[in-house]
Amino acid sequence: MPDAPLLSSDPTHVTLLFQAQAALMRGDVDFSQTLSKSALLHAQRQNDAAGQARALLYLAQGDRQLSRLRRARETAERAAQMFQTHGDAAGEAEALTTLANVLSLMGHSADGLEAAMLALKLSQSSPASHPLAEAMACNYLGVAYACSQSFDNAAELLERSVRMFEAQGLWAESCLPRYHQRYAEMHRCFLDRYYHGTFLSLDRLTQIAALPEQVTSQPGSVRSLLCPYRKTRALLDLTHAFELCWQGDLDEASRRADTISASVAKGMRQPAVILLEMWLRTEIAWAAEDWMSAEAHAQCLLQSAARAENEHLRATAYLLLIQIYSAQGKDLQAQAQQRLWKMQEMHLRKEALHSREERVEWQMRVRADRQASRHLEEKTRHLERLAMQDALTGLYNRRYLEQIVPALLSDATERQRAPALVFVDIDHFKQINDRFSHLVGDEVLRTVGRILSGFVREGDVSVRLGGDEFVVLFSHVEAQSSTSVVARIHKAVNEFDWHSVHPGLSVSASAGLALADSQDTLASWLHRCDLQMYVEKDSRYQDLA
Ligand SMILES: Nc1nc2c(ncn2[C@@H]2O[C@H](COP(=O)(O)OP(=O)(O)OP(=O)(O)O)[C@@H](O)[C@H]2O)c(=O)[nH]1
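Note that the coordinates shown come from a computational prediction; the quantities given were computed from them, not determined experimentally.

**Describing the pairing of strand 3 (residues 469-474)**
Line of reasoning, step 1. Burial within strand 3 is extensive, with 5 of its 6 residues counted as buried.
Line of reasoning, step 2. Examined bridge by bridge, strand 1 (residues 420-426) and strand 3 share 6 bridges and lie antiparallel to one another. Bridge pairing in strand 3 links Leu 421 to Leu 473.
Line of reasoning, step 3. Relative to strand 3, strand 2 (residues 461-466) runs antiparallel, the two sharing 5 bridges. Residue pairing in the sheet places Val 463 in a bridge with Val 471 of strand 3.

This is the structure we're talking about:
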């Protein structure tokens, strides 16, 4: 399987894809989706698998940003499948990285882990992978571990991802795994509080620096103006406000939440930022024992997470509501939320099983596609062989000669080597047919074919041109031995035991040789051979007469 990136070669398509990617980076997701859809249609019309896979990947990434996770999952799976079918491991790794993130957010943590592990392995093993692909795959494997509540593994992978970005001086990019480090640790603290009634320790959270110095010291760098960075920056700021809130500094936490909220209103209304802010507002109200607001914010988080198909934050909202109701002694409401949370978990398990079944189907389809294309290739090769072969003798035919001679002629001129063509024609073949039958005639043709094949070495070719005319193409013949080649062919046909084919049968053939000339085409070369053969045939007929 090739291991090169699957790149479209159509310029219209390349432009559309380039613009779609640029729009994604600017945060203009709707425009990016429009361009990706056009790119997809264009690629489908051109039957361009590479282009289709890439367009699907950008569509999936756009859907993920718009929090249309189910659609993003389907599209990312299709992209991964197309990349896989075409043996583009680097593209497949990119699509699987997106898929892993989407699955983790959808609450399909085991599937998310599997996709992220495969993405990391593929990005490490494919020489065509982008240098940042491995860092990105590490990041999303860390996220998948965090969503599976395997926090130590998550911390290790996210730290690796941060280091990889930083080693390349990509400080703005390193903010993404840094945010995930803080988010994973926040989530661990949150679960501690749920199960133990109190935060066991906030130390690890405070130890993860919110922003690398290099980013704060270069606020105007080009990268730091791009949308993904601005979104990550807002998310990182929010995690800092959580830390303040959990440490009891509610005023500062509120003030920060307001500032971030104002900047979100300035055009970064990303679902991820909005949802995290709702969680933060719930935490602040809960800590201030403002129960009405706490309930309202948690309910709002629950509904928004459901709308955004973010099952991870939806579960967080259930846990918040359970605790907020319990803290007020509203046990019935707390139990009701508990039941809803369990039902959500059951539904997610079912959905994950269903998507596993779909994936098995998909694997079966990929296998069937591969098998079908292998059969097709074999059939095409077989047909190509048949098209180049003479059915009666099994020798090559004239079409094959036409195909190989031009390259042979130019190669020979370059290397100063003279290939030779020997034209062979059976003497009085019509009489053999008339006297012994066509069946015997056929056997004579097959036998002459076998005799001529005995002359060829590697690189030489014997051909039946048609009727009783044959050609042997020698890739190299010394000028002084050309007459002996003709004599040997002549002798081999004459001295064959033709009686074994039919009693009373005798066969002879005439042959003419011509060395290739630097100006030759196949026609001119054959013509000289043919003339040579007739000269020989004439002289022999006259001798016999
Ligand atoms: N048995 C058989 N005969 C064929 C086949 N293809 C062509 N022929 C016959 O081969 C004969 C060739 O006749 P000519 O071109 O006159 O050649 P010739 O009789 O060998 O005469 P010279 O070349 O002058 O020696 C014709 O009668 C064709 O019908 C084939 O596949 N099988």
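So that's the structure; there's more coming.
**Here we look at the nonpolar core**
Line of reasoning, step 1. Core analysis: the largest hydrophobic core is formed by 52 residues, its most contacted members being Met 186, Trp 246, Leu 276, Trp 279 and Leu 320.
Line of reasoning, step 2. Put simply, the parts of the chain that give this core at least two residues each are helix 9 (171-196), helix 13 (227-246), helix 14 (250-265), helix 15 (271-287), helix 16 (291-307), helix 17 (311-327) and helix 18 (331-387).
Line of reasoning, step 3. Beyond its immediate chain neighbours, meaning those up to four positions away, Trp 246 contacts Met 186, Cys 189, Phe 190, Arg 193, Phe 199, Leu 202, Leu 205 and Glu 283.
Line of reasoning, step 4. Ala 80, Phe 83, Ala 100 and Ala 137 belong to the second largest nonpolar core, which has 44 residues in total.

**Re the packing of aromatic side chains**
Pairs of aromatic rings are described using the distance from one ring centre to the other and the angle between the two planes.
Line of reasoning, step 1. Tallied over the full model, the rule gives 10 aromatic pairs.
Line of reasoning, step 2. Here Phe 199 and Trp 246 contribute two aromatic rings whose centre-to-centre distance is 4.7 Å and whose plane-to-plane angle is 40 degrees, an arrangement assigned as tilted. Within this pair, whereas Phe 199 is found in the loop between helix 9 and helix 10 (203-207), its partner Trp 246 is found in helix 13, the two being separated by 47 residues in sequence.
Line of reasoning, step 3. For Trp 246, a relative accessible area of 9% puts it in the buried group.
Line of reasoning, step 4. Taken together, the ring pairs connect Tyr 179, Tyr 183, Phe 190, Phe 199, Phe 242, Trp 246 and Trp 279 into an aromatic cluster.

**Side note on the sheet that holds strand 1**
Through backbone hydrogen bonds, the strands of a sheet pair up, either in parallel or in antiparallel fashion.
Line of reasoning, step 1. Overall, antiparallel pairing links the 4 strands, which are arranged 2-3-1-4 in an open sheet. Every interior strand has two partners, whereas the edge strands, strand 2 and strand 4 (509-515), have only one. For this sheet the average axis-to-axis angle between neighbouring strands, irrespective of direction, equals 20 degrees.
Line of reasoning, step 2. Of the strands in this sheet, strand 1, strand 2, strand 3 and strand 4 touch helix 23 (residues 522-544), which is tilted by about 140 degrees from strand 4.

**A few points about helix 17**
Line of reasoning, step 1. Spanning 17 residues, helix 17 covers 24 Å between terminal C-alpha atoms, matching the ideal 24 Å at 1.5 Å per step.
Line of reasoning, step 2. Most of helix 17 is tucked away, with 14 of its 17 residues classed as buried.
Line of reasoning, step 3. If you check the start of helix 17, you find a side-chain oxygen 3.2 Å away from the backbone N of His 312, and it comes from Asn 310.
Line of reasoning, step 4. In the segment just after helix 17, Gly 329 is the residue with positive phi, at about 80 degrees.

**Here's the deal with the confidence of the model for the protein chain**
Line of reasoning, step 1. For the protein chain, per-residue confidence averages 88 on the pLDDT scale, and 91% of positions sit at 70 or higher.
Line of reasoning, step 2. Contacts for the low-pLDDT stretch residues 1-7, under 50 throughout, to residues beyond four places or in other chains number 21 contacts.
Line of reasoning, step 3. A low-confidence stretch, residues 219-225 (pLDDT under 50), is modelled with 11 contacts involving residues beyond four sequence positions or located in other chains.
Line of reasoning, step 4. Under the prediction, the complex receives an ipTM of 0.95, its pTM being 0.64.

**Remarks on the layout of surface pockets**
Line of reasoning, step 1. Reported here for the second largest pocket is a volume of approximately 510 Å³.
Line of reasoning, step 2. If you go around the second largest pocket, you meet 21 residues; those closest to its centre are Gly 107, Ser 109, Cys 147, Glu 345 and Leu 348.
Line of reasoning, step 3. Of the residues forming the lining of the second largest pocket, the biggest block, 8 residues, is contributed by helix 18.
Line of reasoning, step 4. Here the residues of the lining of the second largest pocket are counted per class, giving 9 nonpolar, 8 polar and 4 charged.

**Quick word on the pattern of salt bridges**
Line of reasoning, step 1. Under the definition given, this model contains 35 salt bridges.
Line of reasoning, step 2. With its nearest N and O atoms 2.7 Å apart, the salt bridge here joins Arg 255 to Glu 252. One end of the pair, Arg 255, and the other, Glu 252, are both in helix 14, 3 residues apart, so they sit about a helical turn from each other.
Line of reasoning, step 3. By sharing partners, the salt bridges in this structure join Asp 152, Glu 185, Arg 188, Asp 192 and Arg 204 into a single network.

**Digging into the site of the ligand**
Line of reasoning, step 1. The full set close to the ligand counts 16 residues, and His 428, Phe 429, Asp 442, Asp 468 and Tyr 541 are the nearest of them.
Line of reasoning, step 2. Note that an oxygen atom of the ligand is positioned 2.9 Å from one of the backbone N or O atoms of His 428.
Line of reasoning, step 3. For the ligand, a nitrogen atom lies 2.9 Å from a polar atom in the side chain of Asn 433.
Line of reasoning, step 4. Notes on the ligand: free accessible area 670 Å², of which the protein chains cover 63%.
Line of reasoning, step 5. Within the residue set of the shell around the ligand, elements represented by two or more residues are strand 1, helix 20 (429-436), helix 21 (438-453) and helix 23.
Line of reasoning, step 6. Here the shell around the ligand gets 4 residues from one element, more than from any other, and that element is helix 21.
Line of reasoning, step 7. Grouping the constituent residues of the shell around the ligand by class yields 4 nonpolar, 5 polar and 7 charged.

**Digging into the pairing of strand 4**
Line of reasoning, step 1. Within strand 4, 6 of the 7 residues are buried, which leaves it mostly tucked inside the rest of the structure.
Line of reasoning, step 2. Strand direction decides the pairing type here: strand 1 and strand 4, joined by 7 bridges, are antiparallel. Note that in strand 4 the partner of Leu 421 across the bridge is Ala 514.

**Some remarks on the packing of helix 8 (residues 151-167) against helix 9**
The relative placement of two packed helices comes down to the angle between their axes together with the axis-to-axis distance.
Line of reasoning, step 1. Look at helix 8 against helix 9: their axes get within 8 Å of each other, and the N-to-C directions meet at 165 degrees. Accordingly, the angle class assigned to the pair helix 8 and helix 9 is roughly antiparallel. Both helix 8 and helix 9 take part in a crossing whose hand is left-handed. Side by side, helix 8 and helix 9 meet where Phe 151, Ala 155, Leu 158, Glu 159, Ser 161, Val 162, Phe 165 and Glu 166 of the first sit next to Trp 171, Glu 173, Ser 174, Pro 177, Arg 178, His 180, Gln 181, Ala 184, His 187, Arg 188 and Leu 191 of the second.
Line of reasoning, step 2. Of the residues in the contact of helix 8 with helix 9, the class split is 9 nonpolar, 5 polar and 5 charged.

Rules of the game
- Residues numbered from 1 in each chain as written.
- Predicted model: local features only at pLDDT ≥ 70, side-chain atom pairs only at ≥ 80, totals over all residues.
- Heavy atoms only, no water.
- Buried < 20%, exposed > 50% of the residue type's maximum accessible area, 1.4 Å probe, protein only.
- Helix = DSSP H or I, 4+ residues; strand = E, 2+ residues; numbered from the N terminus.
- Pairing = 2+ DSSP bridges.
- Core = buried A, V, L, I, M, F, W, Y, C linked by side-chain atoms within 4.5 Å.
- Contact = heavy atoms within 4.5 Å.
- Phe/Tyr/Trp six-rings, centres within 6.5 Å; stacked < 30°, edge-to-face > 60°.
- Axes fitted to C-alpha atoms, helices over the stretch in contact; angles between N-to-C directions.
- Expected span 1.5 Å × (residues − 1).
- Polar contact = N/O pair within 3.5 Å; in protein donor to acceptor, adjacent residues only side chain to side chain.
- pLDDT = per-residue confidence, 0-100.
- 1 Å grid on protein atoms, 1.4 Å probe; cavity = no way out; pocket = protein on both sides within 12 Å on 5 of 7 lines; lining within 4 Å.
- Points joined across faces, edges and corners; volume = space filled by probe spheres on them.
- Nonpolar A, V, L, I, M, F, W, Y, C, P; charged D, E, K, R; others polar.
- Salt bridge = Lys/Arg side-chain N within 4 Å of Asp/Glu carboxyl O.
- Near = heavy atom within 4 Å.
- Areas by Shrake-Rupley, 256 points an atom, 1.4 Å probe, with all protein chains shown as cover.
- Parallel < 35°, antiparallel > 145°, perpendicular 65-115°, else oblique.
- Left-handed = near helix turned anticlockwise from the far one by under 90°.

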